[in-house]
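One-letter residues, chain by chain:
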Amino acid sequence: MSDRSLLVVVLAAGEGTRMKSRLPKVLHKVAGRTMLHHVLAATRAAGATRTAVVVGPGREDVAAEATRIVPDAQVFVQTERLGTAHAVLAARAALEQGADDVLVLYADTPLVRPETLARLRAPLAEGAAVAALGFEPEDPTGYGRLVTSGDDLVAIREEKDATAAEKAVRFCNAGLMALSGKDALSILDRIGNANSKGEYYLTDAVEIARADGRSAVAAKADVDEVAGVNSRIQLAEAEAILQKRLRLSAMAEGVTLIAPETVFFSADTVLGRDVIVEPNVVFGPGVTVGDDVVIHAFCHLEGAQLAPGVSIGPYARLRPGTRLDEGVRIGNFVETKAAHIESGAKVNHLSYVGDAHVGAGANLGAGTITCNYDGFFKYRTEIGAGAFIGVNSALVAPVTIGAGAYVGTGAVITSDVPEDALAIARSRQVVKEGWAKDFRAARADAKKKG
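Here is a short report on the structure shown in this document. (Residues numbered from 1 in each chain as written. Predicted model: local features only at pLDDT ≥ 70, side-chain atom pairs only at ≥ 80, totals over all residues. Heavy atoms only, no water.)

1. Re the environment of Phe376
With respect to the secondary-structure elements, Phe376 resides in the loop between β28 (369-371) and β29 (381-383). Note on Phe376: relative accessible area 70%, which makes it exposed. When the C-alpha positions of Phe376 and Gly309 are compared, they lie 37 Å apart, and in sequence the two are 67 residues distant. (Helix = DSSP H or I, 4+ residues; strand = E, 2+ residues; numbered from the N terminus. Buried < 20%, exposed > 50% of the residue type's maximum accessible area, 1.4 Å probe, protein only.)

The structure is reproduced here in structure tokens:
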């Protein structure tokens, strides 16, 4: 269907009051992405040529997220909430521009797959005017039913209006719909509001199309794909579904997850082959992992790039801007941020490396800290190839440690260290006999005097 143009209309104007949040419902995240992002990503993968997003009044934040993901998306405001068909018609200007196919989706249905959208759209190329997406829940109570006759979709019946025979139908309305582009506006404009709520229902498009002698059909989706998110409970359920998908996909592509149920991915996590992930690891957004990497237990990664053969953890935290070249070793209780660590370098224990460049083969001893922030500005630390930084050293940026240099244990380095030099910066040990006893006595006396 690549030769057919596709307009996607995403309805994102819902208030989401059941979320009990100041954040708009569609900006809540699943696997590190907003629900709106998930839907827009699926539509792009399904071949969208134009995108329209319908938002509520004053929802510049939702509009900004839409255009961040799809820069040329058209944003429309639904000033009144008068039903789903009314919401689609808020994007009238986009519909008037024309398209072969029109897809209507909801921004709070983040789990729908691109291939399902393609399947929903496919009947339009064969002449259908309307295609609705359905599913079969274990309990259909409360859902609208898709009333079919053979391959034809006869009507979408709300449960309160359904006959006993129609209520026995298990094929339910998921809400997503495809419309023939040349018929869409004509159908939408004829949807009325003669119902108990006085609203304009998109579901009426089926009967209007059939009255015109045009065909309407139904496509089927898995229950999980069309799960809407209206509460924090449903948000957690969606997270669980997507995490299961991501774990299965990772393992199918050659990743070993020791305890899959304890590993959490972001939607954009990229893992190479023969990666081993131990229990209780969290991947935030923007992580790319090369082949043969080992991620030990209790690590947290975000915005990080790991080359092949890297080993991190346990209990390592890689923050945005971290880049680890081949064979780097990051050990326990090490934090990195905006740091490029070249091949073969080691940061094995209890260290912070931020706003830094570490040369190939360098070794940073336990407790090494790059002091990158003075309360106002951040500064960089440069550590040359093969440098050795002793235990409990503080490198006060901006500072450069030359290639092959040694920094002695416990040093506070405030000036550049030349290549192959030794830098020692600590006070000579002084012992004062009896000082602690005298100190305690003086403090006790002061306390008695008030």
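Still more ground to cover, so stick around.
2. Observations concerning the nonpolar core
Within the largest apolar cluster, 73 residues are counted, with the highest numbers of intra-cluster contacts made by Val9, Val130 and Met177. Counting residues per element, this core draws most heavily on strand β1 (residues 6-12), which supplies seven residues. Grouped together as the second largest cluster of nonpolar side chains are 58 residues, Leu235, Val275, Val277 and Leu306 included. (Core = buried A, V, L, I, M, F, W, Y, C linked by side-chain atoms within 4.5 Å.)

3. Some remarks on the environment of Leu324
If you trace the backbone, Leu324 turns up in strand β22 (residues 322-324). The buried category is assigned to Leu324, whose relative accessible area is 1%. Not counting chain neighbours up to four residues away, the residues in contact with Leu324 comprise Gln305, Leu306, Ala307, Val310, Ile312, Leu318, Ile330 and Ile341. (Contact = heavy atoms within 4.5 Å.)

4. Here we look at the packing of aromatic side chains
Scanning the model with the defined rule gives six aromatic pairs in all. Look at Phe298 and Tyr315: their rings are 4.9 Å apart centre to centre, the planes differ by 0°, and that puts the pair in the stacked class. Here Tyr315 lies in the loop between β20 (311-312) and β21 (317-318) and Phe298 lies in the loop between β17 (294-295) and β18 (300-301), a separation of 17 residues in the sequence. With 5.0 Å between their ring centres and 20° between their planes, Phe388 and Tyr406 make a pair best called stacked. Taken together, the residues Phe388 in strand β30 (residues 388-389) and Tyr406 in strand β33 (residues 406-407) connect sequence positions 18 residues apart. A relative accessible area of 46% places Tyr406 in the partly exposed class. (Phe/Tyr/Trp six-rings, centres within 6.5 Å; stacked < 30°, edge-to-face > 60°.)

5. Some thoughts on the packing of helix α1 (residues 35-45) against helix α2 (residues 60-69)
Following both chains from N to C, one finds α1 and α2 inclined at 35°, their axes separated by 10 Å at the closest point. Crossing of α1 over α2 shows right-handed handedness. Contact with α1, carried on its side by Leu36, His37, Leu40 and Arg44, involves Val62, Glu65, Ala66, Arg68 and Ile69 of α2 and no other residues of that element. Within the contact of α1 with α2, the residues separate by chemical class into five nonpolar, one polar and three charged. (Axes fitted to C-alpha atoms, helices over the stretch in contact; angles between N-to-C directions. Left-handed = near helix turned anticlockwise from the far one by under 90°. Nonpolar A, V, L, I, M, F, W, Y, C, P; charged D, E, K, R; others polar.)

6. Side note on a negative patch on the surface
Taken together, Asp274, Asp291, Asp292 and Glu326 make up a surface patch of like negative charges. Here Asp291 is to be found in the loop between β16 (288-289) and β17. Classification of Asp291 by relative accessible area gives partly exposed; the value is 35%. (Patch = residues over 30% accessible without salt bridge, like charges linked within 9 Å, V, L, I, M, F, W, Y side chains within 5 Å. Areas by Shrake-Rupley, 256 points an atom, 1.4 Å probe, with all protein chains shown as cover. Salt bridge = Lys/Arg side-chain N within 4 Å of Asp/Glu carboxyl O. Lys, Arg positive; Asp, Glu negative; His and termini not counted. Charge placed at Lys NZ, Arg CZ, Asp CG, Glu CD.)

7. A closer look at the sheet that holds strand β35 (residues 422-423)
Pairing is parallel across the open sheet formed by 10 strands, whose spatial order is β12-β14-β17-β20-β23-β25-β27-β30-β33-β35. Each edge of the open sheet carries a strand with a single partner, namely β12 (256-257) and β35. Where strand β14 (residues 276-277) meets β17, two bridges bridge the pair, whose relative direction is parallel. Bridge pairing in β17 places Val277 opposite Ile295. (Pairing = 2+ DSSP bridges.)

8. Topic: the pattern of salt bridges
Within this structure, the stated rule accounts for 21 salt bridges. In this structure, the salt-bridge partner of Arg157 is Glu166, at a minimum N-O distance of 3.3 Å. Judged by relative accessible area, which is 13%, Glu166 ranks as buried. Between Lys182 and Asp183 there is a salt bridge, and its shortest N-O distance comes to 3.6 Å. For Lys182, a relative accessible area of 66% puts it in the exposed group.

9. Considerations on the pairing of strand β24 (residues 335-341)
Counting buried positions along β24 gives five out of seven residues, so the element sits mostly inside the fold. Bridge count between β21 and β24: two bridges; the pairing is parallel. Each bridged residue has a counterpart across the sheet, and for Leu318 the counterpart in β24 is Thr336. Sheet analysis places β22 next to β24, joined by two bridges and oriented parallel. Considered in β24, the bridge of Arg323 is made with His340.

10. Description of the pairing of strand β5 (residues 74-77)
As paired elements, strand β4 (residues 50-55) and β5 share four bridges and run parallel to each other. Bridge pairing in β5 links Ala52 to Gln74.

11. Brief notes about α1
Summarising burial for α1: nine of the 11 residues are buried, a large majority. When we look at burial in α1, the residues that qualify are Met35, Leu36, His37, His38, Val39, Leu40, Ala41, Ala42 and Thr43. Gly47 sits one or two residues past α1 and shows a positive phi near 100°.

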